[in-house]
Every structure is written in structure tokens, then in C-alpha cells.
Amino acid sequence: MATVVSHQLIGSFASHIPSNSKPSLFPKESMNLPIKFRQNRFKIEATTASQTPVLETLLSPSKTTTPSKKKSNEASLILIRHGESLWNEKNLFTGCVDVPLTEKGVAEAIQAGKRISTIPVDLIFTSSLIRAQMTAMLAMTQHRCKKVPIILHDESEKAQTWSHVFSEETRKQSIPVIAAWQLNERMYGELQGLNKEETAERYGTQQVHEWRRSYHIPPPKGESLEMCAERAVAYFEDNIQPELALGNNVLIAAHGNSLRSIIMYLDKLTSQEVTSLELSTGLPLLYIFKDRKFMRRGSPVGPTEAGVYAYTKRLAQYRQKLDETLN
Ligand SMILES: O=C(O)[C@H](O)COP(=O)(O)O
């Protein structure tokens, strides 16, 4: 399905949220389990003409919907799992329960921000959950571009109108943040709020491991990784990949399992391979999108690291530009 963007208020941040990403903790679709996996979802396809990428319309001062020129033939994609949450600390199944970060989680998010502080970011996607949003915002406080991340709101027409930004210059110094429930953690069903260790004692380590790491097996009344991939990868393909195809650099702050499903898609992992994929909290991962392919570039360790900038000329130039602006 193509991205649907409201064009009523072109120029307003709020008018550019894909209409299928309205933040809602328990969207109708996720309660309608099981969701069938969409055919061919794991193929990387070119942007279709009917898709209207978010950033393109966001930065356009006119009411035209004509696609703007492609910025570059490559783009960076950074993925960050949120920092430690209060329920990670207590070892509780969290899923779609909206729990904030611990102090350690805040520090992890800031550290992640330092590590990506000279990698370009034009657009941010987060889940609708506060732990992912806190992580994105805290990370961006460290970015050397000094742009202001602004959350877009489309929950009502008033929310859209009242959050309008009237200065083109100010808009240029801002980074739109789009919150999408599709990037939420897998819905953990009847395990939400239970202690992971106690659950393993009660149901057996093997059973709990299958619920947590298998691709097809859902936890009781919850989403399997496959179901989570159905909505997270579809959202990625419909709303994020078109931005990358235009040369826009994207940061995604999300969750262990929504990101595992996206990484499965990016790295073309099999349902067997993904079972051993583990993501640490607050760890940024960098991909380069070029020629319709995703190239995994590991985890940037910080602006002093030579390796990351040797990956592409474009990243090296961006970093150099930041250095020149600050000197
Ligand atoms: O939702 C949760 O409990 C965690 O964030 C991820 O859980 P997992 O380690 O069982 O995938």
C-alpha cells in the first residue's frame, strides 16, 4: 500500500504524517490476530510514483505534490533499540506497555547519540511508545547538526493546525519525528507484566525461549515475530524506504522485536537465522542504502572513529562540513 499523505496543510509539520501511522497503543489491526504475512514483503522494491515521501512534502513550501529531485543516490539508515526501560530493569515482559527509561536507559540513549553525532539525520521514525521516543530525543541532543527534533501530531485537525510552524528557516533547522504504532514492540499478550525468570520456571525454559525468539510461535494471545514483521516491515517498505530512495537519511528508534523483524528484512535473514539475533539496548546500527540495496555497516563508535567515515565519501563529506561549520 502506498504512503497516504494529507496535503491540506502543506507547510505544516503535522500535515505530513502518513495517515496509517496515527499513534495508537492498541490499534484495531493488532488485536485482530493472527495477521497473515503479506506476500513478497521481504523483497526490496523501488519507490512507486504514487508514494509521496514525508520529508519531501514537509520541506516543500508550496502546495504542489510533485516529487522533488532526488538528493543523492545513497542514504544512511540508523537503527537504535531504546535504552533500558524500568521494566527491562525489573526483567518484566513489556511488549506494548508504555514504560519509560531508567536513568541507565537515559545514559545509553545519550551515549548512542554521541556515537551517531556526525552521521546525517533528516528524518526520525519512532514507535508510539515513550521509551523509543525518549531514546530518539535524547540521542539527538548530542547531534552536532544542532537541529531540533519535532514530533508531528495528526491526532486531530486542531493538533495539526496548532502545531504549524510558520518560518521556513525554522523548519530547515528542524528534524521531523514521526511516531508510528507499527514500529511498536511485539504485543506480548498474556506475558505482559510477568517476570521473565518466573515465567521460565513456570512454563519451562524451552517454551519461553520459543515464545521469545522463534519466528512463528506467538506467546499466549500475543504476536509472534512473524506477526510483528507483518506490520513493522510493511510500514518500513511503505513509509521509510521511499525516503531513503530519495537520499534522505533516516533514524529509527524502536524495539528489540520490531527492529529484529526489520533487520531480518534488511539482511535477508531466514526465519531460522533471526532466532539468534539479539539487540542490546541503546546500541546504534548503521546501514547504507544504495542502488536499492542495504549494506550493513555495524555500530558506529563515535565521531573519532575513522572506519565509519571511510565507508562512503558522502559520510566523510558530511562530517567535514560539520567540522568546518564549528571551527
Ligand atoms: O518487550 C519486552 O519485554 C522486551 O523489550 C523484549 O523482550 P524479549 O527480550 O523477550 O524479546
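- As named in an unreviewed UniProt entry, the chain is phosphoglycerate mutase (2,3-diphosphoglycerate-dependent), taken from Brassica carinata.
- Recorded in UniProt under Sequence similarities (unreviewed entry), the annotation for the chain is "Belongs to the phosphoglycerate mutase family. BPG-dependent PGAM subfamily."

## Quick notes on the overall build of the chain
- The secondary structure content of the chain amounts to 13 helices and seven strands.
- In the chain, buried positions account for 54% of the 327 residues.
- For the chain, contacts bridging at least 24 residues in sequence account for 80% of all contacts bridging at least 6.
- Put simply, the chain shows about 14700 Å² of open surface, and 54% of that area lies on carbon and sulfur atoms.

## Let's talk about the packing of helix α8 (residues 196-203) against helix α9 (residues 205-213)
- Relative to each other, α8 and α9 sit at 125 degrees, their axes nearing to 6 Å. It follows from the interaxial angle that α8 and α9 lie oblique. Between α8 and α9, the residues in contact are Lys196, Thr199, Ala200 and Tyr203 and Thr205, Gln207, Val208, Trp211 and Arg212, respectively.
- Taken together, the residues of the contact of α8 with α9 break down into four nonpolar, three polar and two charged.

## Points about the environment of Lys321
- Take Lys321: it is sitting in helix α13 (residues 313-326).
- Expressed as a C-alpha distance, the spacing of Lys321 and Glu74, which sit 247 residues apart in the sequence, is 18 Å.

## Some thoughts on the environment of Ile151
- Here Ile151 shows up in strand β3 (residues 148-151).
- With a relative accessible area of 28%, Ile151 lands in the partly exposed category.
- Between the alpha carbons of Ile151 and Val177 there is a distance of 4.5 Å; along the sequence they are 26 residues apart.
- If we skip the residues at most four places from it in the chain, Ile151 touches Gln133, Met137 and Val177.

## Structural notes on the pairing of strand β7 (residues 293-296)
- Bridge count for strand β6 (residues 284-290) against β7 is four bridges, and the pairing is antiparallel. Residue Ile288 lies in a different strand from β7, and its bridge partner there is Met295.

## Concerning the pattern of salt bridges
- This structure, assessed with the given rule, holds nine salt bridges.
- Across the salt bridge formed by Glu84 and Lys104, the nearest N and O atoms sit 3.7 Å from each other. Here Glu84 is found in the loop between β1 (74-81) and α3 (86-89), whereas its partner Lys104 is found in helix α4 (residues 103-115), with 20 residues between them in sequence.
- The salt bridge involving Asp267 is made with Arg296; its shortest N-O contact spans 2.5 Å. Taken as a pair, Asp267 in the loop between α11 (256-266) and β6 and Arg296 in strand β7 lie far apart in primary sequence, 29 residues in all.

## Quick notes on the sheet that holds β1
- Spatially, the seven strands line up as an open sheet ordered β3-β4-β2-β5-β1-β6-β7, and their pairing is mixed. Bordering the open sheet on either side are β3 and β7, each of which pairs with just one other strand. Shown here is a sheet whose adjacent strand axes are inclined to one another by a mean of 25 degrees, direction ignored.
- Across seven bridges, the pairing between β1 and β6 is antiparallel. For Glu74, the partnering residue across the bridge sits in β6 and is Lys290.
- Each of β1, β2 (123-126), β3, β4 (174-179) and β5 (250-254) touches helix α5 (residues 130-140); the most contacted strand, β2, lies at about 155 degrees to it.
- Running at roughly 150 degrees to β5, helix α10 (residues 225-245) makes contact with β1, β2, β4, β5, β6 and β7 of the sheet.

Rules of the game
- Residues numbered from 1 in each chain as written.
- Predicted model: local features only at pLDDT ≥ 70, side-chain atom pairs only at ≥ 80, totals over all residues.
- Heavy atoms only, no water.
- UniProt positions renumbered as here; feature names shortened; annotations may be inferred.
- Helix = DSSP H or I, 4+ residues; strand = E, 2+ residues; numbered from the N terminus.
- Buried < 20%, exposed > 50% of the residue type's maximum accessible area, 1.4 Å probe, protein only.
- Contact = heavy atoms within 4.5 Å.
- Areas by Shrake-Rupley, 256 points an atom, 1.4 Å probe, with all protein chains shown as cover.
- Axes fitted to C-alpha atoms, helices over the stretch in contact; angles between N-to-C directions.
- Parallel < 35°, antiparallel > 145°, perpendicular 65-115°, else oblique.
- Nonpolar A, V, L, I, M, F, W, Y, C, P; charged D, E, K, R; others polar.
- Pairing = 2+ DSSP bridges.
- Salt bridge = Lys/Arg side-chain N within 4 Å of Asp/Glu carboxyl O.

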